[in-house]
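In case you want the letters, here they are:
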Amino acid sequence: MSLKIVVCIKQVPVSNNLKIDPITKNLIRSGESGVMNPYDKNAIEAALRLKDEWGGEVILLSMGPADFEMTLRQGMAMGCDDAILLSSRKFGGADTLATGYVLAQAIKKLGKVDLVLLGRQSVDADTSQVGPIVSEFLGWPQITFVSELTGHAKKGMTATRLLENMQQKIEFQLPAVVTVRSEMNEPRYPTPRNIQQSYKKNIRIWDENSLSVDPNRIGLKGSPTVVRSVWAPIKEAKHTIYLKGTPDEAVRELLIQMRASNLL
Amino acid sequence: MTDQEIWVYAEKHVGMIQPVTYQLITKAKEIANDKKVVVILFEATDKNLEEKIKEFGPNEIVVVKDDRLKDATDSEIASLMAELADRRKPNSILFGATVVGRSIAPRLQAKLNTGLTSDCLNLAFDDDLLIQTKPSYGDNIMCEIVCPKHRPQMASVRPNTFEAKKDLNQSVIVTKINDLFFKKAERIKIIEETPLLSKSDSIANADRVIALGRGAADEKAVRLAEELARKLGAKIGVTRPLTDHPKFSGDDQIGQSGNTIAPKLLVNLGVHGAVQYTTGIGSAELVVSIDKDPEAPIFNYSNYSYVGDSVSFLESFLKVIQ
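Residues numbered from 1 in each chain as written. Chains lettered and ligands numbered in written order. Predicted model: local features only at pLDDT ≥ 70, side-chain atom pairs only at ≥ 80, totals over all residues.

## Focus: the overall build of chain B
As a reminder, the rule being used: Only runs of H or I of at least four residues qualify as helices and only runs of E of at least two qualify as strands under DSSP, and these elements are numbered from the N terminus. As defined in this context, the radius of gyration uses C-alpha atoms, and a globule is described by 2.2 Å times the residue total to the power 0.38. Counting other C-beta atoms within 10 Å of each residue's C-beta, where C-beta atoms are placed from the backbone, gives the exposure class: buried for 20 or more, exposed for 12 or fewer, partly exposed between. With C-beta atoms placed from the backbone, a contact is any residue pair whose C-beta atoms sit within 7 Å.
A count of helical and extended segments in chain B gives seven helices and 18 strands. For 322 residues, the compact-globule formula gives about 20 Å, and the C-alpha radius of gyration of chain B, at 22 Å, lands near that figure. Dimensions along the principal axes, computed over C-alpha positions, put chain B at roughly 65 × 40 × 40 Å. By the burial criterion, 52% of the 322 residues in chain B qualify as buried. Long-range pairs, those at least 24 residues apart, make up 65% of the contacts in chain B between residues at least 6 apart in sequence.

## A look at the overall build of chain A
The secondary structure content of chain A amounts to six helices and 15 strands. Oriented by its inertia axes, the alpha-carbon framework of chain A measures out at about 70 × 50 × 40 Å. Put simply, 71% of the contacts in chain A that link residues at least 6 apart link residues at least 24 apart.

## Remarks on the packing of helix H3 (residues 74–88) of chain B against helix H4 (residues 101–112) of chain B
All names here are of chain B. To be explicit about the condition: Angles here are taken between N-to-C directions and fall from 0 to 180 degrees, while the axes themselves are lines fitted to C-alpha atoms, restricted in helices to the stretch in contact. Note that the term roughly parallel is reserved for angles under 35 degrees, roughly antiparallel for angles over 145, roughly perpendicular for angles of 65 to 115, and oblique for everything else. When the near helix sits turned anticlockwise from the far one by under a right angle, the crossing is termed left-handed; a clockwise turn instead gives a right-handed crossing. The nonpolar class holds Ala, Val, Leu, Ile, Met, Phe, Trp, Tyr, Cys and Pro. Asp, Glu, Lys and Arg form the charged class, and all remaining residues, Gly among them, are polar.
At a minimum axis separation of 9 Å, H3 and H4 run at an interaxial angle of 45°. Classified by the angle their axes make, H3 and H4 are oblique. The handedness of the crossing between H3 and H4 comes out as right-handed. Packed against H3, whose contacting residues are Asp74, Ser75, Ile77, Ala78, Met81, Ala82 and Ala85, the element H4 presents Ser103, Ile104, Arg107, Leu108, Lys111 and Leu112 at the interface. Per-class residue counts for the contact of H3 with H4 are eight nonpolar, two polar and three charged.

## Quick look at the interface of chain B and chain A
Defined as follows: Two strands qualify as a pair provided that DSSP identifies no fewer than 2 bridges between them.
Contacts between chain B and chain A engage 67 residues on the former and 61 residues on the latter. Mapped by element, the contributors of at least two residues to the side of chain B that touches chain A are H3, H4, strand S7 (116–120), strand S10 (141–146), strand S13 (188–195), strand S17 (286–291), strand S18 (304–307) and helix H7 (310–320) of chain B. For the side of chain B that touches chain A, the leading source of residues is S13(B), giving eight residues. Looking at the side of chain B that touches chain A residue by residue, the class counts come to 31 nonpolar, 23 polar and 13 charged. Across five bridges, the pairing between strand S14 (residues 226–231) of chain A and S10(B) is antiparallel. In the strand pairing of S10(B), A:Val227 is matched with B:Ile145.

## Quick look at the sheet that holds strand S14 (residues 208–212) of chain B
For sheets, the rule is that strands pair by backbone hydrogen bonds, running either parallel or antiparallel. Reading across the sheet, the six strands line up as S15(A)-S18(B)-S17(B)-S16(B)-S14(B)-S15(B) and stay open at both edges, with parallel pairing between neighbours. The open sheet has two edge strands with one neighbour each: strand S15 (241–242) of chain A together with strand S15 (235–238) of chain B. Pairing between S15(A) and S18(B): two bridges, direction parallel. The partner of A:Tyr242 across the bridge, within S18(B), is B:Ser305.

## Observations regarding the confidence of the model for chain B
Put simply, the rule reads: pLDDT is a per-residue confidence score from the predictor, ranging from 0 to 100.
The share of residues in chain B with pLDDT of 70 or more is 98%, and the mean pLDDT across the chain is 93. For this predicted complex, the interface confidence score (ipTM) comes to 0.89, while the overall pTM stands at 0.82.

## Looking at the pairing of S15(B)
For a regular strand, the rule is simple: side chains alternate between the two faces of the sheet. Residues and elements named next belong to chain B. What counts here: Orient the strands so they point away from the viewer, and a crossover whose first-strand-to-second-strand path over the helix runs clockwise is right-handed.
Of the two faces of S15, the one holding Lys235 and Gly237 and the one holding Ile236 and Val238 are both buried throughout. Here S14 runs beside S15; their pairing, made up of four bridges, is parallel. Residue pairing in the sheet places Val209 in a bridge with Lys235 of S15. Handedness of the S14-helix H5 (residues 219–232)-S15 crossover: right-handed.

## Quick notes on the environment of A:Arg49
Residues and elements named next belong to chain A. Residue position: Arg49 is located in helix H1 (residues 38–54). By the C-beta count within 10 Å, which is 14 here, Arg49 ends up partly exposed. As for Arg49 and Gly119, which are separated by 70 residues in sequence, their C-alpha atoms are 15 Å apart.

## Brief notes about the pairing of strand S8 (residues 115–119) of chain A
All names here are of chain A. Of all five residues in S8, five are buried, a share of seventy percent or more. Here strand S1 (residues 3–8) pairs with S8 via four bridges, running parallel. Across the sheet, residue Ile5 finds its bridge partner in S8, namely Leu115. Relative to strand S12 (residues 176–180), S8 runs parallel, the two being bridged by five bridges. Among the inter-strand pairings, Gly119 is bridged to a residue of S12, identified as Val180.

## Concerning the domain arrangement of chain B
Note on interface size: it is often stated as the accessible area lost on association of the parts. Residue and element names in this part refer to chain B. The cut-off we apply is this: Start and end positions for the domains come from either an automated domain assignment or a database one.
Looking at chain B, the domain boundaries give domain 1 (5–177) and domain 2 (199–320). On the domain 2 side, the residues contacting the six residues of domain 1 number seven residues. Class assignment of the residues belonging to the side of domain 1 that touches domain 2 gives a composition of two nonpolar, two polar and two charged.

## Concerning the sheet that holds strand S9 (residues 142–152) of chain A
Across the sheet, which stays open at both edges, the 10 strands sit in the order S13(A)-S7(A)-S6(A)-S1(A)-S8(A)-S12(A)-S9(A)-S10(A)-S11(A)-S13(B) with mixed pairing between neighbours. Lying at the two open borders of the sheet, with one neighbouring strand each, are strand S13 (203–206) of chain A together with S13 of chain B. Recorded for the sheet is a direction-independent mean angle of 30° between the axes of neighbouring strands. Against the sheet, H1(A) makes contact with S1, strand S6 (56–63), S8, S9 and S12 of chain A, and its axis sits at roughly 175° relative to S1(A), the strand it touches most.

## Section: the packing of helix H2 (residues 69–78) of chain A against helix H5 (residues 192–200) of chain A
Residues and elements named next belong to chain A. Close contact between H2 and H5 brings their axes to 7 Å; oriented N to C, the two are set at 135°. Of the possible angle classes, the one that applies to H2 and H5 is oblique. With respect to the hand of their crossing, H2 and H5 are arranged in right-handed fashion. Packed against H2, whose contacting residues are Arg73, Met76, Ala77 and Met78, the element H5 presents Asn194, Ile195, Ser198 and Tyr199 at the interface. Split into classes, the residues belonging to the contact of H2 with H5 amount to five nonpolar, two polar and one charged.

Structure follows, in structure tokens:
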């Protein structure tokens, strides 16, 4: 059997150390364009391993401006076969709901997809919402925060899912949506051959006319949430008291305070 | 309007309501004004977890009892929640920003075609509008997010952000619902749910934590810290570099990519205090830090600081509390 796997990826800022313009209150974005969301590399690695085992193809899917092409090329340099960029001004300003809707419509258009993989969350917005939203719109099982994926692509697969202090084993059949934790694998580096190949491949650009989409459900219009304001949190320093003297003296002074706070 | 409801989804694992559920009930009551706080509980027929929930004093607990709920998948819970929401039209629905909460909530969001804000650090009401404060870019930026035109308003809240307080004075209505349509999820089955041994006493819920950093990573420091932890009834947490130590793993890590902790006492040993670490300790009450570097940023997050060697400090501590 051969698998048709879609990996949804996102380009994120190079660094999370963003500044806010004190006057306009807008985020000051650096001139550099972004990098691939780190968890998405684990999703790509998981897809490529399944392809190595079962055969088939791995298609990258991303929604964003034209410069996301860089990240898609990087994914193809890891060994993915094909890439589609969902790009249009009409898609702009999308929150997770509108993003998940457009991704799901693109996956439906591709047709006969067996598995959709995503990173567990993006490191910029940190929502982890898009995977489950895509699953709902496709009507497929979702298995989120997966750390291990084994089994038979046709007969049934088993996922290990790590919760805060629990572990779940989940059996499922394809098609399904799986979001991937970094514990699952070590993403491969692009080989020189794949890097070369990636520049020969064509990235398909799809806009709202390429897909069957309801214009009221895409972009800003299709996004229920509104960001009212953005600010940098003030990290208030605690007023620290320095314990002085030898370690013994310091500990004695600390114990007095701990007793006062009912900690001893 | 007085009949508006704030829902809290009751998350449970192996028969235990998760602490974040109680934290959400208390917070919801604080901000409710004249809205009702309603807990939504799904459980097997032999369970009575509503009795535990009552202690935190919501106005109402809606209980759905069904043996298929013993190992229900996230999408099945989302379907049931959607059905309930269609009937009662809540103003808002709150989840813990746990792995499961972050899986059920967006699936439900897509069913209800509404907005959801993940991993909130604060919630407030402006009339009927839920003001949701959420960090972005690795906690470097805070965003205020609202969902003005869609209902319900949905949010997940980071565990240990709010304190749970019991309220035994509230009379709690328990409403049993048994006529929901259970839409069985196809092609997926949870076959096992087991506590992770190394995390069964997770540092995220510990009252006392001793944290080890690079400056307290040698065998002697680890051994002494374990001894002190036993004496104080504390759990040991580590910074990222120590997750490679054979005794520790990512489960024990404190900080942005690990656990957010909220202990009453936190003792940092040889922890320098990178932002990735300090974002995880913002809710700790009494913070004591020992580090050799007088310029270590950790001292800015500490109530008590000692510039010196962690091993000597541990030896003195063990000797003095004998």
